[in-house]
Structure formats: structure tokens, C-alpha cells
Amino acid sequence: MNQVLVLNSGSSSIKYQLIDMDDRARLAVGAIERIGESSGAVADHAAGMKVVLAELEGALDRSQLAAVGHRVVHGGDRFRGPTLIDDEVCDAVRELIPLAPLHNPANLTLIEAARAAFPDTPQVAVFDTAFHQTLPAAAHTYAVPQSWRTDLGVRRYGFHGTSHQYVSRRAAAMLGRRPEEVNVIVLHLGNGASVCAIREGKSIDTSMGMTPLEGLIMGTRSGDLDPAIPAYIARQTGRSPEQIDQTLNKESGLLALAGSNDLRDVDTAAATGDEAAQLALDAYCYRIRKYIGAYLAALGRLDALVFTAGVGENSPTIRAGAVAGLDHLGIAVSPKRNTQQSKEERYISPYWAETAVLVVPTDEEIEIADQALAVLGGAS
Ligand code: ADP
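Rules used in this analysis
- Residues numbered from 1 in each chain as written.
- Predicted model: local features only at pLDDT ≥ 70, side-chain atom pairs only at ≥ 80, totals over all residues.
- Heavy atoms only, no water.
- Buried < 20%, exposed > 50% of the residue type's maximum accessible area, 1.4 Å probe, protein only.
- Helix = DSSP H or I, 4+ residues; strand = E, 2+ residues; numbered from the N terminus.
- Arc of directions from axis to C-beta.
- Contact = heavy atoms within 4.5 Å.
- UniProt positions renumbered as here; feature names shortened; annotations may be inferred.
- 1 Å grid on protein atoms, 1.4 Å probe; cavity = no way out; pocket = protein on both sides within 12 Å on 5 of 7 lines; lining within 4 Å.
- Points joined across faces, edges and corners; volume = space filled by probe spheres on them.
- Nonpolar A, V, L, I, M, F, W, Y, C, P; charged D, E, K, R; others polar.

In this section: helix H10 (residues 263-271). When H10 is considered as a whole, its buried residues turn out to be Leu 263, Val 266, Ala 269 and Ala 270. Looking down the long axis of H10, one finds its buried residues gathered within 130° of arc, a one-sided arrangement. For H10, the exposed residues set more than 90 degrees away from the buried face come down to Arg 264, Thr 268 and Ala 271. Looking at the buried residues of H10, the elements they touch are helix H9 (253-258), helix H11 (275-299), helix H12 (309-314) and helix H13 (316-323). Positive backbone phi, at 95°, marks Gly 273, one or two positions downstream of H10.

Structure (C-alpha cells):
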């Protein structure tokens, strides 16, 4: 038994990979997009799972399936690591729906469908929040009334944990050290984006908060803003909390500043002199730079700054902009190394820089598969 099926469901998508763990080969890779949207062919996640099963036909050998690994977005403060799924775990994921109203229901539907489809195969939940459960109270506490914190679960949870964990371990390996020996800042810059400060293998701070809205400027999310702004907009325009939430999550960020949530479009527009696009890039990089400074102060010593995900792995403009002016802190990119396109893990810092600046392609699926097998290994 050497195969693991990894299921990663977003609010309107299902991504899957069937991995042969002996040689880490991908036996099947696919995605169902636009679930529940008028332009999509699939009505809901349950129907989506049926499509996945049909697509897996041929590649999947049930007798070889050791585990199904599920990415679950919100594990609250209950789940600190990968967890073997049973009815009680499903109930707990359901109870966390108020904290992740779009994602956890989708994750749950997929778990239930997969349990029905593979009743004899262990299913493991890998939570996006789990890696950040090591945040000290000083870093995860918001200065709000006690009842919000204790009764309503208001605190920083952080997300992208699987990616931050995988990438920081790979960075340690590139430095020839163990994860417990290094301090790392990971910049996960995809459509969603977050920074994580990792001290000796443990997350000590991260930019996403109770929800994924806080922190960096993202494709369609605003990131940090004055918390008084939503109430001001509600008073001035009569918009509802739900509408404002929607605007800040889906209609803000690069999309609001430059007309596209895709960094490639913004980059191209800025290169041809589009001022709005240039401002978007400047604001995007400035926000990252502020977080690097803050996390440098939180960590004290930094061994590596690591770029990952779609933008981090592919955009020399953003990587150079993010570290501009940080030379005096020992952080810089070599123009030559930074602009070389590659799909490999690599150094992009110049020879003189004290801190390694790295690009590490993220691989959440392999991390989920590894963690799923680790749980089973520990349980047997
Ligand atoms: P998600 O957060 O949806 O998993 P990804 O990590 O795949 O997203 O990142 C997607 C983003 O990466 C795209 O929106 C795009 O802006 C950016 N991107 C992808 N390729 C490039 C590239 N060659 N140059 C600049 N940006 C890129």
C-alpha cells in the first residue's frame, strides 16, 4: 500500500492528486473549478467528488490506497497537527464553520463523500491553521473584550500552515541544518498571501489572522486596514456587513488597485507606464517589507528569507521590490540570480549577504500526504 489521495477543496474548487509515495510520482492530478457558479458544470462539492472519482478511474488501485489526506482550512485552537478522521473530528470541523463559513462546509462535504467512497481507507485531516498553534499568546491575542476572545474564539489562527511548514523545512535542508536550528521568514505569495516567522522550526507569528483577510495585500483581499473602516463604509453607504466582507475579500487588493488580481497583468501594465499598476506594485512590496522588518524584530536572528507560491516563485519584480533597501540588514537579492527563471529550489542572495534569500517551490500536496502517513505510522 503506497498510494495517498490528497483532496484540497476551496470554496468553489476541488484539487486532487494521487501520489505514489515510494517514488513521490503523481499518478493523477486534476482540478474541478467554478463549483456552484453559473459558468461551471458542477453544482456542488458532492457532485464534484463524483467527477473526481470518475476521473481517478484507471489511475487508482484501491488495494494500494494507504490513506486519503484532506486539507481542512480551519482547525480553530483544537487541532495542532494532522488528525485521523472519525465522527467526532467531523463534528469538530462542523462546529468551526462560523470561523470559516465558506471553506469548512466544502471540506466537510468532501470528507463525507470520501469516507463513503473509501470506507476501508483511513482519512486524515491536515489543517491550514495547525502549524500556527505554536504562536505565543502575545502574538495571537487581539486586544478586544474578554467575551469576544473566550466565547467567540476571536484570536489570530493564521493559515497556509502546511505550506509554511514544508517550505521552512526545505529551507533548513538547503542550509544544511535541521529545522530546529534555523530561524526563517517565509513569504507565501499566491493569490492569497501570508508571511510567517519561524523560530527553530516553530511558527511564532503570521500575518493572516482570525480569517485569511489580515496582513499582506493579496489578489483580491485588502490585507491590513484600519478596523474602523468597515463601520465607516456601512454608515456612509448603507452596505451590510456581508457586503463589506465580500468587498474586502473578493473585490479589493491588486484587483481594486490595478484592475486585475493576477500579478502578471499588473506587472505588464506597470512596465508600460500605467500609474495605478505601479502604485499597486509599490504598495504590495511595501507591505511585505514592513512585515519583514517586524518579523526580523520578533525573531532576533534570521538565517533565511524564503519566497514561495505563484508570485514568490515566479516574479523577480516582487522579490526585488520586497527586499529593496534592506541591504543594511544583510538582506538582498542578486539581480542575476533573481532574474533567472527556474522551477528548482535556489539561492537568489548575493555572495556578500549575511542572510540567505531563497526561492522554494511549495508542495502542499506532498506535505499533506507525508503528514497523513505519519499519523498512520504513529497510530499503528
Ligand atoms: P493560489 O493562492 O490560488 O494557490 P498560486 O500560488 O498558484 O495561487 O499563485 C497564483 C498567482 O501567482 C497568480 O494570480 C499570479 O498572479 C501569480 N503568478 C503565476 N505565475 C507568475 C509569473 N510567471 N509571474 C508573476 N506572477 C505569477
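Now, onward.
The subject of this paragraph is the UniProt feature "binding site: Mg(2+)" (unreviewed entry) in the chain. What UniProt calls "binding site: Mg(2+)" (unreviewed entry) maps, in this numbering, to Asn 8 and Glu 364. For the annotated residues, spread through 357 residues, the largest C-alpha to C-alpha distance comes to 9.3 Å, consistent with a single compact locus. Residue position: Asn 8 is located in strand S1 (residues 3-9). Positionally, Glu 364 belongs in helix H15 (residues 364-379). With a relative accessible area of 16%, Glu 364 lands in the buried category. Setting aside chain neighbours within four positions, we find Glu 364 in contact with Thr 162, Ser 163 and His 188.

Turning to the layout of surface pockets, a few remarks are in order. Taken as a whole, the second largest pocket spans an internal volume of roughly 170 Å³. For the second largest pocket, the lining is made up of 15 residues, of which Arg 80, Gly 81, Ala 130, Phe 131 and Gln 165 are closest to its centre. Among the elements of the structure, strand S6 (123-127) and helix H6 (161-174) are those that each provide at least two residues to the lining of the second largest pocket. The dominant element in the lining of the second largest pocket, judged by the number of residues it contributes, is H6, at three residues. Residue classes in the lining of the second largest pocket are distributed as five nonpolar, eight polar and two charged.

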